[in-house]
Structures are given as structure tokens and as C-alpha cells.
Amino acid sequence: MNYYSLNNKDNKSSFEEAVVRGIAPDRGLYFPQNITPLPRAFFKNIENYSNEEIAFKVIEQFVGDEIPTSILKNIIKETINFEFPVVKVENNIHALELFHGPTMAFKDVGARFMARCLGYFNRDKKDENVTVLVATSGDTGGAVAHGFLGVKGVDVVILYPSGKVSDVQEKQLTTLGQNIVALEVDGVFDDCQEMVKTAFLDTEITDQRTLTSANSINVARWLPQMFYFFFAYKQLKHKNKGLVFSVPSGNFGNICAGVMAQQLGLPVHQFVASCNINDVVPNFFKSKKYTPQASKQTISNAMDVGNPSNFIRIQEVFNNDFDQLSKHISSYSFDDDTTRAVMKKIHDTTGYVTDPHGAIGYLGLKKYLQEQPLQGVFLETAHPIKFANVVEPVLGIKLELPPQIIEVIDKKKVATNIKTYQDLKEFLIKQAIHS
Ligand SMILES: *Cc1c(COP(=O)(O)O)cnc(C)c1O
């Protein structure tokens, strides 16, 4: 499969190049050259397929012959070896729980898939490991660390801002060992990101080490997210009712994968892009103008994005046609007080516990369904325990620790403190990371 750069359609790359590079040399995002709908019979019989079979059918054309079938099937098997349950919350309202993976946020699937593709593409480079360098504000680092743990030929260096990630998130980053190294940066997330960007351009480093990024715009992180929408459809198809997906959105990768699933033929009535007060996209649908903003901090912090990278891909799917876009996607914004209030209301009336991101998904879904007698699914993108500091006081309950969290919480944190870019540079030049 070929991919083109959204900056210039003549700049084409293979799947492998797109995965290894992350972003095109002209700084454009990669987009698949062709999107071929799946046969009708597949949708008719979807309940007879296993999740692994569905995932293979969905991703196959985007990988092409660049990974042998048996290996791709194995990558899928390792990527999605946990549950993706649809849970009824109210009549016609369901939660699609995407938090049953190792780090309990939906980013696990993309990170695991990408890690294994990269491992495959790097299989012959015997004495030269690739180093994945990534800055995190919380969830991405954990998912990437777990995704790449033990993947041969790949070292991972994660930069995170000291004191700015939750305890659980820090443990998920710093306790794995093997091929994963955590650097605790005396600074904020932007400092981490700046250091990473500088390192990619620093030939004194790149002469010594092959660097790559595990950024969420990588096609191997983006496209496997299509699976979720098929898995939900498989579970709800028997209800025979138009399906609405509400996706808590920040960088818009997840919802863009949903839109791609629809392009493959998945019957979806409407997508709702549910946002916190970082409302660039809701404003776009109101005003037809796309105006990036500085990001604002909220309790749903994985969605604090002022200029969502993947929105340009959604526009590409609909040929930049505003009418088509608004026919398929509605978008709303909700503030923290509204989010807290609805978390409490859902818990009081149904017993279901949402995290702040899922709660925004619920709000967007309810708003859209007011006018439509359809059934809806909101994506529960993180386990409430990851945001216990918000969930517990709002609901007045103590959350139980799931096994994935118990496993890391008492492990010993291992991180190297760094202050400056020079510290990072010395680390990358001198330090061998042993897998
Ligand atoms: C990353 C993340 C999101 C936002 O997903 P995008 O693909 O960036 O829109 C929502 N919720 C949680 C919990 C996340 O970690």
C-alpha cells in the first residue's frame, strides 16, 4: 500500500517508510492512497468472525504485502489479546470500554501494533537498534513503553515532566526495565517535547543512533484504532438500529479511525466529536473557520489539544467539503463543571463509573440523541482509576485497584534525572540500552 503526504500528493511512501518515518520528509501527514470498502457479506456475517479475523480484514489492505500474512496475523493476535466490551449504561446508550489493555487506556492498541510492525521492519538490522524517542504528558508514555517492551531491535527512551504525571502513570513508565528507559525531566511537558524535537535534528546524535518517534500521527498507531468501531458494531448489530459513535477527542486520531471504518463500509449513522473546552473543532463546525488555540488545562487532560493534528486527515476523507463533513460529524464542547456533574449523575442513576473523558463522550452522545431515536455508543477511553484524583471525590467512592495497576504500583521506580538538552544528548550518545 502506498501513502501520500498531505502536503504534496506526489510525495509517496510505502507502508514501511510511513511507519519508520512517522511523518513525511515534507512534514506532511501520511494518508493511504486507496481505501477499498469491504464486501457486504463481511458486514452481514460479522458476528461469525473472531476479533482477530475482523482486525485482519480491516487492516490488511493498509499493510499490503509488506508484512507476510502469517506475521501480520500474529501481530494482530498479540495486539488485541484483551476484551473490548460494549456495556449497556441506559436504554440505547452503551459504553465501549477500551481500557482493558495493559496500561488501561485505548492507546494500548495503536502502540502495540506499531511496536510490532517496527520490530518486524527492523528484523535484519542485527547490531543496530532503532531508538524510539518519545515525550509524554501521561498516557502515551505508558502505552508506548508497554507496547515496545521486549520488542527486539528497538530501544525506547521516554521523557516525562517531573511531578506532572499521576503516580499510576509514572509507575507505568518507570518500572519496566529491559529495553525501556525513563528520563525524568526537570521541566514541563513542552520542555520534553522541545528536547525530543531538537534531538531528531541533531546529527551528532543521529550519526550514532537511528531515532524514530512513536507519535500518535504514525499510521501504525492511527489505523488499528478502526478495530474498535467494528468490534462495537459486531456486538450491537442484532439491535437493528442506526448507530451513533461519540468519541472523546483531543488529537482526533481515534475519531478519524472511526471515519475510516465508515469508509470501509461500516454502517454508522453519525459520529460525534466530543470535546472539553479545547473547542477548535466544535467552533469549526459552527463558523466554518479552523482557528488553532493555545491548549487549556482541564480534568480530561488527554484531550487538552489546541491544534488537533489528525483533523486534517478527516478533512481529506471528505475531500475538504464542509457539507459532507457536517453531514457525518457533529461536534460539541463541555466544561469541567458539566463533566463532573454528569459523572455524578450517571453514577447515581445507573451505577456506571465514567472517567472524565468517557463522561464527555456521554455528554456529546446525549446531546446528539435528543433529536434522534437511535442507539449510541460512547467510547470509554481510559479506566476511571487512571483519573482517580477526579473520579473519587466527585463520586464520593473509593475505586478498586485493577490487577494491571496492582502489578506496577509497588514496583520500584527507575528513572534518570535530566535538566537540559545537553543531558539528553550525552545520554543518547554514550548510554547503551540493553535489551
Ligand atoms: C489520547 C486520549 C484521548 C484523545 O484521543 P485522540 O485520538 O487524541 O482524539 C481521549 N481519551 C483518553 C483517555 C486518551 O488517552
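Residues numbered from 1 in each chain as written. Predicted model: local features only at pLDDT ≥ 70, side-chain atom pairs only at ≥ 80, totals over all residues. Heavy atoms only, no water.

A. A look at the overall build of the chain. Within the chain, the regular secondary structure consists of 20 helices and 14 strands. What you see for the chain is a C-alpha radius of gyration of 21 Å, in line with the 22 Å of a compact globule of 435 residues. Projecting the C-alpha coordinates of the chain onto the three principal axes gives extents of approximately 60 × 50 × 45 Å. By residue count, 59% of the 435 residues in the chain fall in the buried class. (Helix = DSSP H or I, 4+ residues; strand = E, 2+ residues; numbered from the N terminus. Rg over C-alpha atoms; globule rule 2.2 N^0.38 Å. Buried < 20%, exposed > 50% of the residue type's maximum accessible area, 1.4 Å probe, protein only.)

B. Representation of the pairing of strand β2 (residues 8-14) in the model. The sheet contact formed by strand β1 (residues 2-5) and β2 spans four bridges and is antiparallel. Residue pairing for β2: Ser 5 is matched across the bridge by Asn 8. The antiparallel hairpin formed by β1 and β2 contains two residues in its connecting segment. (Pairing = 2+ DSSP bridges.)

C. Representation of the site of the ligand within the structure. Not every one of the 15 residues close to the ligand is listed here, only the nearest: Lys 107, Gly 250, Asn 251, Phe 252 and Thr 381. Here an oxygen atom of the ligand and a side-chain polar atom of Lys 107 are 2.5 Å apart. Residue Asp 139 places a side-chain N or O atom 3.0 Å away from an oxygen atom belonging to the ligand. Burial of the ligand by the protein amounts to 96% of the accessible area it has alone, namely 390 Å². Along the lines of polarity and charge, the residues of the shell around the ligand split into six nonpolar, seven polar and two charged. (Near = heavy atom within 4 Å. Polar contact = N/O pair within 3.5 Å; in protein donor to acceptor, adjacent residues only side chain to side chain. Areas by Shrake-Rupley, 256 points an atom, 1.4 Å probe, with all protein chains shown as cover. Nonpolar A, V, L, I, M, F, W, Y, C, P; charged D, E, K, R; others polar.)

D. Local environment of the layout of surface pockets. Volume-wise, the second largest pocket comes out at about 280 Å³. In terms of lining, the second largest pocket is formed by 14 residues, of which the most central are Gly 119, Asn 122, Arg 123, Lys 152 and Gly 153. (1 Å grid on protein atoms, 1.4 Å probe; cavity = no way out; pocket = protein on both sides within 12 Å on 5 of 7 lines; lining within 4 Å. Points joined across faces, edges and corners; volume = space filled by probe spheres on them.)

E. Local environment of the sheet that holds β2. On the basis of which strands lie adjacent, the open sheet formed by three strands has the order β2-β1-β3 and antiparallel pairing. Each end of this open sheet is capped by a strand with a single partner; those strands are β2 and β3 (30-32). Adjacent strand axes in the sheet meet at a mean angle of 40 degrees when their direction is disregarded. Where β1 and β3 come together, three bridges link them in antiparallel fashion. Bridge pairing in β3 links Tyr 4 to Phe 31. (Axes fitted to C-alpha atoms, helices over the stretch in contact; angles between N-to-C directions.)

F. The arrangement of a negative patch on the surface in detail. A grouping of Asp 186, Asp 190, Asp 191 and Glu 194 is seen on the molecular surface, where their side chains present a negatively charged patch. Mapping Asp 190 onto the fold places it in helix α8 (residues 189-200). You can call Asp 190 exposed: its relative accessible area is 53%. (Patch = residues over 30% accessible without salt bridge, like charges linked within 9 Å, V, L, I, M, F, W, Y side chains within 5 Å. Salt bridge = Lys/Arg side-chain N within 4 Å of Asp/Glu carboxyl O. Lys, Arg positive; Asp, Glu negative; His and termini not counted. Charge placed at Lys NZ, Arg CZ, Asp CG, Glu CD.)

G. Examining the state of the cysteines more closely. Summed over all chains, the structure comprises zero disulfides. There is no disulfide at Cys 256, and the cysteine sulfur nearest it, in Cys 275, is 14 Å away. The buried category is assigned to Cys 256, whose relative accessible area is 0%. (Disulfide = S-S within 2.5 Å.)

H. Geometry of the pairing of strand β8 (residues 180-185). Across the six residues of β8, six count as buried, placing the element largely inside the fold. With six bridges connecting them, strand β7 (residues 154-161) and β8 associate as parallel partners. Its bridge partner lying in β8, Tyr 160 is registered against Glu 184. Following the chain from β7 across helix α7 (residues 167-174) to the adjacent parallel β8, one finds a crossover that is right-handed. Relative to strand β14 (residues 416-418), β8 is paired through three bridges, and the arrangement is parallel. Within β14, the residue paired with Glu 184 across the bridge is Asn 417. (Right-handed = clockwise from strand over helix to strand, strands pointing away.)

I. Spotlight on the side chain of Asp 304. Here Asp 304 is to be found in the loop between α13 (280-287) and α14 (311-317). Buried and without a salt bridge, Asp 304 has Lys 296 as its closest oppositely charged side chain, separated by 9.3 Å. A polar contact is formed between the side chain of Asp 304 and the side chain of Thr 298, at a distance of 2.7 Å. Ignoring any residue separated from it by four or fewer positions in sequence, one finds Asp 304 in contact with Asn 276, Asn 278, Ser 295, Lys 296, Gln 297 and Thr 298. (Contact = heavy atoms within 4.5 Å.)

J. Examining the environment of Met 260 more closely. Relative to the helices and strands, Met 260 is located in helix α12 (residues 253-263). Residues Met 260 and Ile 35, 225 residues apart in the sequence, show an inter-C-alpha distance of 8.2 Å. Each residue touching Met 260, except ones within four places of it in the same chain, is listed here: Phe 31, Pro 32, Ile 35, Phe 62, Trp 222, Leu 223, Met 226 and Val 317.

K. Layout of helix α16 (residues 336-350). End to end, α16 covers 21 Å across 15 residues, agreeing with the expected 21 Å (1.5 Å per residue, within 8%). Along α16, the residues classified as buried are Asp 336, Thr 339, Val 342, Met 343, Ile 346 and His 347. In a view along the axis of α16, the buried residues occupy a sector of 130 degrees, so they form one face of it. Across α16 from its buried face, at more than 90 degrees, point the exposed residues Asp 337, Asp 348 and Thr 349. Buried residues in α16 make contact with β4 (86-90), α17 (356-369) and α18 (388-395). Of the residues flanking the end of α16, it is Gly 351, one or two places downstream, whose phi is positive at about 85 degrees. (Expected span 1.5 Å × (residues − 1). Arc of directions from axis to C-beta.)

L. Layout of the packing of aromatic side chains. In this structure the tally under the stated criterion is 26 aromatic pairs. With 6.1 Å between their ring centres and 40 degrees between their planes, Tyr 3 and Phe 15 make a pair best called tilted. A residue pair is termed long-range when its members are at least 10 positions apart, and Tyr 3 in strand β1 and Phe 15 in helix α1 (residues 15-21) qualify at 12 residues. The same class applies to Tyr 3 and to Phe 15, which are both buried. Here the basic side chain of Arg 123 rests over the ring of Tyr 120, its NZ or CZ set 4.0 Å away from the ring centre. The ring of Trp 222 has Arg 313 lying over it, and the distance from NZ or CZ to the ring centre is 4.1 Å. (Phe/Tyr/Trp six-rings, centres within 6.5 Å; stacked < 30°, edge-to-face > 60°. Lys NZ or Arg CZ within 6 Å of the ring centre and 35° of its normal.)

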